[in-house]
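# Structure at a glance
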Amino acid sequence: MIKTTAMLLEELHEYANPRTKLSRMVKQGECYQITKGLYETNRNVPGYLLAGSIYGPSYISFEYALGYYGLIPEAVYTITSATFEKKKKKKYETQFGTFTYRDVPSAAFPLGVKLIQEGEYFYRIADPEKALCDQLYTMSPVGNAQELAELIFDDLRIEEPECAKLDIEKISFLSGRYHSTNVKKLITLLKRVQK
């Protein structure tokens, strides 16, 4: 379970020095520091369950979400998340994994995201369409639909049949919120592969 320093100090208030007790608990493996002010009581919790608590508001997206949905063949070990109006990328190296955060447009941020509960943990993750739009938004603009096809099928290694399963209506709805030529060209590409 994720706990803040304040929560743990409250739990330890009966000790003469709660901060010293907390330090001992960390050394003895009773709780594990994730980042400054944030702890986890379960050493084996998967990192993606912690991503939203480390830095936010955020949701899991980009490569990690594309891998989660099986759209890209590679295993993704860095937990990649989207934020907005933070102006710079953030990276956290923890014992639970590596976490990166980068901006997407504010207008796109709240759309196409679902909240999932796993045991006592909750996390937000982009739908497959949103994760691909987020990914394309962060990549250099391509000149035409053919270059976008190469980017998606060769560079990202998304299989054409998987791409054809994406919901073109969702992407059309999202595209105006990115102001990204890559996202706009994705609609043309999807119309071609879904024929």
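## Notes on helix α9 (residues 181-193)
- With 13 residues, α9 extends 18 Å from end C-alpha to end C-alpha; this agrees with the ideal 18 Å at 1.5 Å per step.
- Within α9, the full set of buried residues consists of N182, V183, L186, I187, L189, L190 and V193.
- Looking at the buried side of α9, the elements it contacts are α5 (128-137), α6 (145-155), α7 (160-164) and α8 (168-175).
- Measuring from the backbone nitrogen of N182 back to the side-chain oxygen at the start of α9 gives 3.3 Å, which picks out S180 as the cap.

## Focus on the sheet that holds strand β2 (residues 32-35)
- The sheet built from 3 strands is open, its strands ordered β1-β3-β2 with antiparallel pairing. Taken across any chain shown, the strands that pair with only one partner, and hence form the sheet edges, are β1 (2-4) and β2. Here the average twist between neighbouring strands, direction ignored, is 40°.

## A short note on the confidence of the model for the protein
- Across the protein, pLDDT averages 93, with 100% of residues at or above 70.
- Within the protein, strand β4 (residues 59-60) carries the highest mean pLDDT (98), whereas α7 carries the lowest (90).

## Let's talk about the pattern of salt bridges
- Applying the stated criterion across every chain yields a total of 7 salt bridges.
- Between E74 and R157 there is a salt bridge, and its shortest N-O distance comes to 2.8 Å. Note that E74 is positioned in the loop between α4 (62-68) and β5 (78-83) and R157 in the loop between α6 and α7, a separation of 83 residues in sequence.
- By relative accessible area, which is 35% here, E74 ends up partly exposed.
- Several salt bridges share partner residues, and in doing so they unite D127, E129 and K170 into one network.

## Considering the environment of Y92
- Positionally, Y92 belongs in strand β6 (residues 90-94).
- For Y92, the residues in contact, after removing those within four places along its chain, are T35, I54, Y55, G97, T98, F99 and Y101.

## Re a negative patch on the surface
- Negative charge collects at one region of the surface, where E147, E150, D154 and D155 lie side by side.
- By secondary structure assignment, the location of E150 is in helix α6.

## Quick look at the nonpolar core
- One finds I54, I60, F99, L136, I152 and L186 to be the most contacted residues of the largest nonpolar core, which totals 56 residues.
- The dominant element in this core, judged by the number of residues it contributes, is α9, at 6 residues.
- Membership of the second largest hydrophobic core comes to 7 residues, among which are L8, L12, C31 and Y39.

## Side note on the pairing of β6
- Here 5 bridges tie β6 to strand β7 (residues 97-103), and the two strands are oriented antiparallel to one another. Following the sheet pairing, K91 is matched in β7 by T100.
- If you look at the hairpin formed by β6 and β7, you'll find 2 residues sitting between the two strands.

## Notes on the side chain of T5
- For T5, the location among the structural elements is in helix α1 (residues 5-11).
- If we ignore the near neighbours within four places in the chain, the residues touching T5 are R19, L22, G37, L38 and Y39.

Rules used throughout
- Residues numbered from 1 in each chain as written.
- Predicted model: local features only at pLDDT ≥ 70, side-chain atom pairs only at ≥ 80, totals over all residues.
- Heavy atoms only, no water.
- Helix = DSSP H or I, 4+ residues; strand = E, 2+ residues; numbered from the N terminus.
- Expected span 1.5 Å × (residues − 1).
- Buried < 20%, exposed > 50% of the residue type's maximum accessible area, 1.4 Å probe, protein only.
- Contact = heavy atoms within 4.5 Å.
- Polar contact = N/O pair within 3.5 Å; in protein donor to acceptor, adjacent residues only side chain to side chain.
- Pairing = 2+ DSSP bridges.
- Axes fitted to C-alpha atoms, helices over the stretch in contact; angles between N-to-C directions.
- pLDDT = per-residue confidence, 0-100.
- Salt bridge = Lys/Arg side-chain N within 4 Å of Asp/Glu carboxyl O.
- Patch = residues over 30% accessible without salt bridge, like charges linked within 9 Å, V, L, I, M, F, W, Y side chains within 5 Å.
- Areas by Shrake-Rupley, 256 points an atom, 1.4 Å probe, with all protein chains shown as cover.
- Lys, Arg positive; Asp, Glu negative; His and termini not counted.
- Charge placed at Lys NZ, Arg CZ, Asp CG, Glu CD.
- Core = buried A, V, L, I, M, F, W, Y, C linked by side-chain atoms within 4.5 Å.

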